[in-house]
Amino acid sequence: MGRLDTPNAVIDLLERASRLLQSAFFAEGGMPPAQWQTLRYLARANRFSRTPTAIGLYLGATKGTVSQTILALVRKGLVRKDRSQPDGRSVFLRLTPRGEALLDSDPLRDVASALGTLPMQRRLELGEGLAGLIEAMLSKKGGRPFGQCASCRFFQKNGARSDADGPHRCGLLGVALNNDDSAKICVEHERAA
């Protein structure tokens, strides 16, 4: 495989991995990568982060690309648009049952299976390395890091005023969070110290 101690060698590997991932998308039913990425994002995002703007920030895509992607997914019956209450100006997206079912045949299953063959320590190192790389790239571009609610500086474990909506609380948005919310990624995420 050659030397792996130079940035260019690592970039070559990342580029090759990217091409293999891209080819996996089209081999499985031909749905474009942007649509798969949007479905995956919506499955992982908390209820506050399922907006067209958040999708664009997460994917590093333009408003036009995101708009066309969402439109295609809505037409396919994979995503549903909901208007916010009470003003109805904001759009929130969610997967339909059909969209959730399609994720069961996600072409990245094979990649996950291949990663599963690596020893745990190597997977951890790879994950930490990629997370650091993404964080450095986003920092240079002024992008948002996203991250799980539970690891955010605004997350208040068992901080809800009542358990009716969930045991936790988002200190930034001032809303209760249930356990499902706290395990999802958020556009407003800021890493806890």
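Residues numbered from 1 in each chain as written. Predicted model: local features only at pLDDT ≥ 70, side-chain atom pairs only at ≥ 80, totals over all residues. Heavy atoms only, no water.

A.B. asks: Account for the packing of helix α2 (residues 33–44) against helix α4 (residues 63–75), with residues named and values stated.
C.D. replies: Where α2 contacts α4, the two axes come as close as 10 Å, and the packing angle between them is 80°. The orientation of α2 relative to α4 falls into the category roughly perpendicular. Contacts between α2 and α4 pair Ala34, Gln35, Thr38 and Leu39 from the former with Thr69, Ala72 and Leu73 from the latter. (Axes fitted to C-alpha atoms, helices over the stretch in contact; angles between N-to-C directions. Helix = DSSP H or I, 4+ residues; strand = E, 2+ residues; numbered from the N terminus. Parallel < 35°, antiparallel > 145°, perpendicular 65-115°, else oblique. Contact = heavy atoms within 4.5 Å.)

A.B. asks: Requested: an account of the layout of surface pockets, with residues and values cited.
C.D. replies: Approximately 400 Å³ is the volume attributed to the second largest pocket. In this structure, the second largest pocket is lined by 19 residues; those nearest its centre are Thr51, Pro52, Thr53, Lys63 and Val66. Residue assignment for the lining of the second largest pocket shows that the elements contributing at least two residues are α3 (52–59), α4 and β2 (91–95). The dominant element in the lining of the second largest pocket, judged by the number of residues it contributes, is α4, at five residues. Considering only residue class, the lining of the second largest pocket consists of eight nonpolar, eight polar and three charged. (1 Å grid on protein atoms, 1.4 Å probe; cavity = no way out; pocket = protein on both sides within 12 Å on 5 of 7 lines; lining within 4 Å. Points joined across faces, edges and corners; volume = space filled by probe spheres on them. Nonpolar A, V, L, I, M, F, W, Y, C, P; charged D, E, K, R; others polar.)

A.B. asks: I'd like a description of the pattern of salt bridges, backed by residues and values.
C.D. replies: Pairing is possible between side chains that carry opposite charge, provided their charged atoms lie close to one another. For the structure shown, the criterion picks out eight salt bridges. Across the pair Arg19 and Glu15 runs a salt bridge, and its minimum N-O distance is 3.8 Å. With Arg19 and Glu15 both in helix α1 (residues 7–27) and four residues apart, the pair spans about one turn of that helix. With its nearest N and O atoms 2.7 Å apart, the salt bridge here joins Asp106 to Arg40. Here the residue Asp106 occupies a position in the loop between α5 (97–102) and α6 (109–116), and Arg40 occupies one in helix α2, the gap between them amounting to 66 residues. Note on accessibility: Asp106 and Arg40 belong to one class, buried. One continuous salt-bridge network, built from bridges that share partners, spans Arg80, Asp82 and Arg94. (Salt bridge = Lys/Arg side-chain N within 4 Å of Asp/Glu carboxyl O. Buried < 20%, exposed > 50% of the residue type's maximum accessible area, 1.4 Å probe, protein only.)

A.B. asks: Before we move on, can you summarise α3 with the specific residues and values?
C.D. replies: The α-helix winds at 3.6 residues per turn, so residues separated by three or four positions along the chain end up facing the same way. Every buried residue of α3 is listed here: Ala54, Ile55 and Gly56. Against the buried residues of α3 lie α2, α4 and β2. At the exit of α3 stands Gly60, carrying a positive phi of roughly 65°.

A.B. asks: Break down empty space enclosed by the protein for me, citing the residues and quoting the values.
C.D. replies: Counted by the stated rule, this structure contains one cavity of 30 Å³ or more. By volume, the largest cavity amounts to about 100 Å³.

A.B. asks: A description of unusual backbone geometry should follow, citing residues and the corresponding values.
C.D. replies: One can expect most non-glycine residues to show negative phi and most peptide bonds to be in trans. One non-glycine residue with positive phi stands out, namely Phe146, at about 55°. Within the fold, Phe146 resides in the loop between α7 (120–141) and β3 (155–156).

A.B. asks: Please provide a residue-by-residue account of the nonpolar core, values included.
C.D. replies: Note on soluble globular proteins: their nonpolar side chains tend to be buried together. Counting 20 residues, the largest nonpolar core has Leu39, Tyr41, Leu42, Ile55, Val79 and Leu93 as its most contacted members. Elements with a minimum of two residues in this core: α2, α3, α4 and β2. The leading source of residues in this core is α2, at four residues. When sequence neighbours within four positions are dropped, the list of residues in contact with Leu42 reads Arg50, Ile55, Val79, Leu93 and Leu95. Cys149, Phe155, Leu177 and Cys186 belong to the second-largest nonpolar core, a separate cluster that totals seven residues. (Core = buried A, V, L, I, M, F, W, Y, C linked by side-chain atoms within 4.5 Å.)

Treat this as a map of the structure, not an account of what it does.
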